[in-house]
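Each chain is listed here by its residues.
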Amino acid sequence: HPPPRARGSHCIRLAFGDQVQWVADGLQSIGATGEQSAVTFSSLVTLLQRKQVSVTTCVKDGPLGSSSGFSTNNSAGKVMEKSAIRAALLVLIQHSIVSVRRKPLHGSTSSTNTKSAPCAYRYHPERAARLDGCRYARYVEHMKRAIDPSAAIVVEILLLHGRLRTVDVVLKTVQQMQQQQQDPDQPSSQHHKYTARETVVDAMAKLVRGGYFEFVPEISSPSSEDDAEHEFEQPPPKKKVKTEETPQKGSRSTAGKAADALATKSGEDPAILNLIQGNAQYKSTLPVDAVWRVNQNMFHDSIRALCLGRLVAELYGHKVQAAGSLVTAALKYRAFLEHSKGSAAAAVRSSDSSFFSPGDIVRFLPKAVVQVMEGKASKVGESVVEVITKAFMELSDLRSPIVVRRVGEDLFEVAHASLLQYLRKRVIHQLVEDRHGQVAARIVAILSQQGWLESDTLAKQVMVPEKDTRSILHELYRSRYIDLFQLSASHSSKQFYNPSTSMYLWCVHEDRLRRKVVDDVLTASRNLRLRRQHESEVVGREWIERARQTFDDENEDESDKMNQQKFELGLERIDVALQQLDETLLVLTDF
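Now for a look at the structure at hand.

Conventions we followed
Residues numbered from 1 in each chain as written. Predicted model: local features only at pLDDT ≥ 70, side-chain atom pairs only at ≥ 80, totals over all residues. Heavy atoms only, no water. Helix = DSSP H or I, 4+ residues; strand = E, 2+ residues; numbered from the N terminus. Buried < 20%, exposed > 50% of the residue type's maximum accessible area, 1.4 Å probe, protein only. Lys, Arg positive; Asp, Glu negative; His and termini not counted. Salt bridge = Lys/Arg side-chain N within 4 Å of Asp/Glu carboxyl O. Contact = heavy atoms within 4.5 Å. Core = buried A, V, L, I, M, F, W, Y, C linked by side-chain atoms within 4.5 Å.

Here E413 lies in strand β10 (residues 412–414). With no salt bridge to any partner, buried E413 finds its closest opposite charge in R405, at an N-O distance of 4.5 Å. Residues in contact with E413, not counting those within four places in the same chain, are S354, F355, F356, V403, V404, R405 and V407.

This is the structure we're talking about:
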């Protein structure tokens, strides 16, 4: 696999094991990754059963070392059965890595034949690459700051399970909160069980309204008439609108009776159902039979708003007061309108989702910034919206990079493409400097701006001797960061090659440079994960097992304690490096 696909394959292996990775690699090798490409279960089984599982004695990941595109499995001489392949597919479908659709029969367009047609599976490598512990931890920490710790626990539960029904999300989150309360190392506030349910339902409603959760079709269960190809997604049936009866005095409400009846029929928790059915907002936002998954695009847009806001604060914070907070609030507002479920947001999406007015973003500003704006407005006798409008007008006059464009009298647009391009250039410049030095990074920057140059001309602009410049140019060329073009002075095709009469021009193609840098970062991330896996499973197995024990007399020796601390410090350094690489990938690929 190339590095992007290898990263997704390795993430699947770490999360679900070798067999699920084997099935995912099989889907990729068949070519079920395009928009219209999909394969049936029978073709997948035929391919996987023809590939014998090989034996490996070292800890390594198979896709980069395998010419067939398959990973190496530790189970020797075994061929996956249909039941194991079916189970692996269900795991991939559960986490939205594989999508399923009915493949219509040849020459048939009727709905009856479509329902009886076999299932077709399509693999999504970009979703597999997001199946990352560092990325999940970033989502959880972001949610602690964006909403509250209870919402962060809800997000963590749904990330681990892929997709869940409404009641299951609430129930599993409450259980997780109770386990944290029993753990003495986890400081948390004491909640009653019923109070915890209310907190979780309220946090989940905020997440759904904010666009952090999205509704997905549920996975239907197999029927007795289905063969091997029974996993498919179907939309839930439409709800029937029922008129509510007025409850009589002394009797329970209709919502409570309906919740008890539904709980008795489905085996759900009646307390959770009463909370949802008894509140009009929760009932409309959180349908009981709905299936949810985390909307990672909303998380990426929200984190991008913070990153670009910090960039603007660094560049122009000394010129415009609260410039970074204003840009972050504007980008959060646009992300909210794009991903939220409200009718007002849908109306704005249908018109235009890139423009905003200063009055729209006030509720997305931090409270401290709003207080500063109110104080400034009271001094000059203006409103907060007018102060924010003046700030955006000042930002619209700034160039290199462009921050805000004024498109109307009170309408503005954040130039997020320009800011993102500037941020990516900075990241690439820093990566080239870390690998090849400051002079090499300066050479790449000059070639990106001026195009094709000879080595002697480039040496004068870099202010480095020509001999050193040639050496650095060849290093960058070997790393595939720059391109070389040979231009012969002779127009005759019969004349032999003569280097003295040829010109050598150097140039940087930004798209190629970015792809090469991304591949290098992915390769480094993969190598670090393999290193951590080796340290955990081979080198530090004894330390990990000893840390799980509750006896204190195991670590009485001082040298033993120091060795264990060094091992834990090494793992912590690897984790920090992985988080930094994941942040770099967010900027270069996901934003």
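Topologically, H429 is positioned in helix α19 (residues 416–436). Separated by 16 residues in sequence, H429 and A445 have C-alpha atoms that sit 7.4 Å apart. Ignoring anything within four residues of it in the chain, the contact list for H429 reads A441, R442 and A445.

For the rest of this paragraph, the subject is unusual backbone geometry. Note that the residue after S400, namely P401, is joined by a cis bond; omega there is 0 degrees. Tracing the sequence through the fold places P401 in the loop between α18 (384–396) and β9 (404–406). Backbone geometry places A322, a non-glycine residue, at a positive phi of 55 degrees. As for its position among the elements, A322 is in the loop between α14 (296–316) and α15 (323–339). Positioned with a positive phi, M463 is a non-glycine residue whose angle comes to about 65 degrees. Considering the arrangement of structural elements, one finds M463 in the loop between α21 (455–462) and α22 (466–478). Residue class for M463 comes out exposed when judged on its relative accessible area of 72%.

A separate point is the nonpolar core. With 138 residues, the main nonpolar core has F213 and F392 as its most contacted residues. The element best represented in this core is α14, accounting for 10 residues.

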